[in-house]
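A structural walkthrough
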Amino acid sequence: MKNHPPFRLLALAGLGALLAAPAFAQDTSHFYGGVGAGIARSANETARTTGVLLPGVDTVSSSSDRNDNAFKVFGGYQINRNIALEAGMYSLGKSRFTTQTSPAGSLSSATKVRGLNFDVVGTLPFTQRFAGLARVGAHHAWSKEDYSGTGANAGIAASTKHNNTNYKVGVGLQYELSPAMWIRGEVERYRVKDSTGRRNNIDMTSVSLVFPFGRAAPRVVAAAPAPVYVAPAPAPVVIAPAPAPAPVVMAPAPQRVSFSADTLFGFDKDTVRPEGMTALDTFSKELQGATYQSITVEGHTDRLGSTDYNQALSNDRASSVKDYLVTRGKLDPSKISAVGKGEGSPVTQAADCPDKQSRTSLITCLQPDRRVEVEVSGTR
């Protein structure tokens, strides 16, 4: 059986790319567990095995069944968005073959393989939920071979057992169905020593369900849930309420309301959280009975992560706020538009938040850039 070095190099190169990729702006350290099932295919060589087990006997013909059901159970720790450590146990099912030999006789074999593994798993996010996977690790396999022979081969040993430690690699894809469940599709290669002492490959193609747990709650940098009213200038300005109960006339110029994205969604999320709902409910009540021509919702991100990823995140956040104002705030959907500005309109300056500081300090420093601004045009 060939060693297939291209497969090995591809998997190692993929993992190296994942390890070198910059981490996205997300706090993701947590434990997880999962279970997978699929098909394992063995690469044993029947003629060579027969020749080693029965010296002086030639293989005339052979038939084999190299595929069988396989499963795995695993648990791991996601260090960050790009790297995880994972351990598990697996069963690669059975592979079987039967040979007709000369001198006249037959040899039948069934080999069962199971074991334990420890891997380093690299993740490369393509979108907020979809990612590529690559893994490299070590495994310890326990193998059992059962033999039976007829004719000239009737005296062969009934069974043998052995174990060995070797490497394994794999590649795959992962999709986050929900915050509590992911799905993976993977192809993994296990290097295993057979009864003749030769190392062969067993490839496992599987689908797994992964269940994260112990995930830390998203950090909220802004403490107050209420919206902060700001003037067109970047610095936030709180507009004091009118001293008298008389109706307030809004200036013809557009008025902007700025919400902290960390308050509305949590860090690197686009689903409105309870604190964000409170802020948006307060804003909606302020507009009750008002006459306005249009409302524009703008999503903004900081510079962490890729430009494409930040653009998509700002689009999703702006759309989430618009949907909430329409469904819960009962505002006219025909007058509301949503647009993502990505990282292109920061409040902070590059000199204010240099990249050389620690990641935690940088995330805190860039908090003003992560925001959703709502511009209201009209008069009350």
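Residues numbered from 1 in each chain as written. Predicted model: local features only at pLDDT ≥ 70, side-chain atom pairs only at ≥ 80, totals over all residues. Heavy atoms only, no water.

1. As for the environment of Glu 275
If you trace the backbone, Glu 275 turns up in helix 4 (residues 274-287). The spatial distance from the C-alpha of Glu 275 to the C-alpha of Thr 263 is 6.2 Å, given a sequence separation of 12 residues. (Helix = DSSP H or I, 4+ residues; strand = E, 2+ residues; numbered from the N terminus.)

2. Points about the packing of aromatic side chains
Applying the stated criterion across every chain yields a total of six aromatic pairs. On the basis of an interplanar angle of 50° and a centroid distance of 4.7 Å, the ring pair of Phe 31 and Tyr 77 is categorised as tilted. Note that Phe 31 is positioned in strand 1 (residues 30-42) and Tyr 77 in strand 3 (residues 67-78), a separation of 46 residues in sequence. Given the relative accessible area of 45%, Phe 31 is considered partly exposed. With 6.4 Å between their ring centres and 15° between their planes, Phe 31 and Phe 213 make a pair best called stacked. Taken together, the positions of Phe 31 in strand 1 and Phe 213 in strand 9 (residues 199-213) put the pair 182 residues apart, joining distant regions of the chain. (Phe/Tyr/Trp six-rings, centres within 6.5 Å; stacked < 30°, edge-to-face > 60°. Buried < 20%, exposed > 50% of the residue type's maximum accessible area, 1.4 Å probe, protein only.)

3. What about the pairing of strand 13 (residues 336-340)?
Sheet topology note: the strand 12 (residues 291-300)/strand 13 ladder contains five bridges and is parallel. Note that in strand 13 the partner of Thr 296 across the bridge is Ser 337. Once the chain exits strand 12 it traverses helix 5 (residues 307-327) before rejoining the sheet at strand 13, and the crossover so formed is right-handed. (Pairing = 2+ DSSP bridges. Right-handed = clockwise from strand over helix to strand, strands pointing away.)

4. Considerations on the pattern of salt bridges
Across all of its chains, the model carries 19 salt bridges by this definition. Across the pair Lys 168 and Glu 188 runs a salt bridge, and its minimum N-O distance is 2.8 Å. Here the residue Lys 168 occupies a position in strand 7 (residues 159-178), and Glu 188 occupies one in strand 8 (residues 181-193), the gap between them amounting to 20 residues. You can call Lys 168 buried: its relative accessible area is 1%. What makes Glu 188 buried here is its relative accessible area of 1%. Among the salt bridges present, the one from Arg 189 reaches Asp 203, with a minimum N-O distance of 2.7 Å. Linking Arg 189 in strand 8 with Asp 203 in strand 9, this pair joins segments that are 14 residues apart in sequence. A relative accessible area of 23% means that Asp 203 is categorised as partly exposed. (Salt bridge = Lys/Arg side-chain N within 4 Å of Asp/Glu carboxyl O.)

5. Observations regarding the confidence of the model for the chain
On average, the chain scores 81 in pLDDT, and the residues at 70 or more come to 80%. Taken as a whole, residues 9-27 scores under 50 in pLDDT and shows 42 contacts with residues more than four places along the chain or in a different chain. Scored below 50 in pLDDT, residues 217-224 makes 18 contacts in the model with residues more than four places away or belonging to other chains. (pLDDT = per-residue confidence, 0-100. Contact = heavy atoms within 4.5 Å.)

6. A word on the nonpolar core
Ile 295 and Val 297 are the most contacted members of the largest nonpolar core, which has 23 residues in total. Breaking this core down by element, the ones donating at least two residues are strand 11 (255-260), helix 3 (261-264), helix 4, strand 12, helix 5 and strand 14 (371-379). Leaving out residues up to four positions away in the same chain, Ile 295 has contacts with Leu 287, Leu 331, Lys 335, Ile 336, Ser 337, Val 374, Glu 375 and Val 376. (Core = buried A, V, L, I, M, F, W, Y, C linked by side-chain atoms within 4.5 Å.)

7. Section: unusual backbone geometry
Residue Pro 103 is bonded to the preceding Ser 102 through a cis peptide linkage, with omega at 0°. When you line up the elements, Pro 103 lands in the loop between strand 4 (83-102) and strand 5 (105-125). With a phi angle near 65°, Asp 268 is a residue other than glycine that sits in the positive phi range. Residue placement: Asp 268 occurs in the loop between helix 3 and helix 4. The backbone of Lys 330 sits at a positive phi, close to 60°, despite the residue not being glycine. Tracing the sequence through the fold places Lys 330 in the loop between helix 5 and strand 13.

8. Points about the environment of Lys 330
Residue class for Lys 330 comes out exposed when judged on its relative accessible area of 67%. Of the polar contacts made by the side chain of Lys 330, one reaches the backbone oxygen of Thr 327; its length is 3.3 Å. (Polar contact = N/O pair within 3.5 Å; in protein donor to acceptor, adjacent residues only side chain to side chain.)

9. Quick word on the packing of helix 4 against helix 5
Following both chains from N to C, one finds helix 4 and helix 5 inclined at 55°, their axes separated by 10 Å at the closest point. Between helix 4 and helix 5, the angle is such that the two are oblique. At the point where helix 4 passes helix 5, the crossing takes the right-handed sense. When helix 4 is examined against helix 5, the residues Met 277, Leu 280, Asp 281, Phe 283 and Ser 284 are found in contact with a partner set consisting of Val 321, Tyr 324 and Leu 325. Its residues assigned to classes, the contact of helix 4 with helix 5 comprises six nonpolar, one polar and one charged. (Axes fitted to C-alpha atoms, helices over the stretch in contact; angles between N-to-C directions. Parallel < 35°, antiparallel > 145°, perpendicular 65-115°, else oblique. Left-handed = near helix turned anticlockwise from the far one by under 90°. Nonpolar A, V, L, I, M, F, W, Y, C, P; charged D, E, K, R; others polar.)

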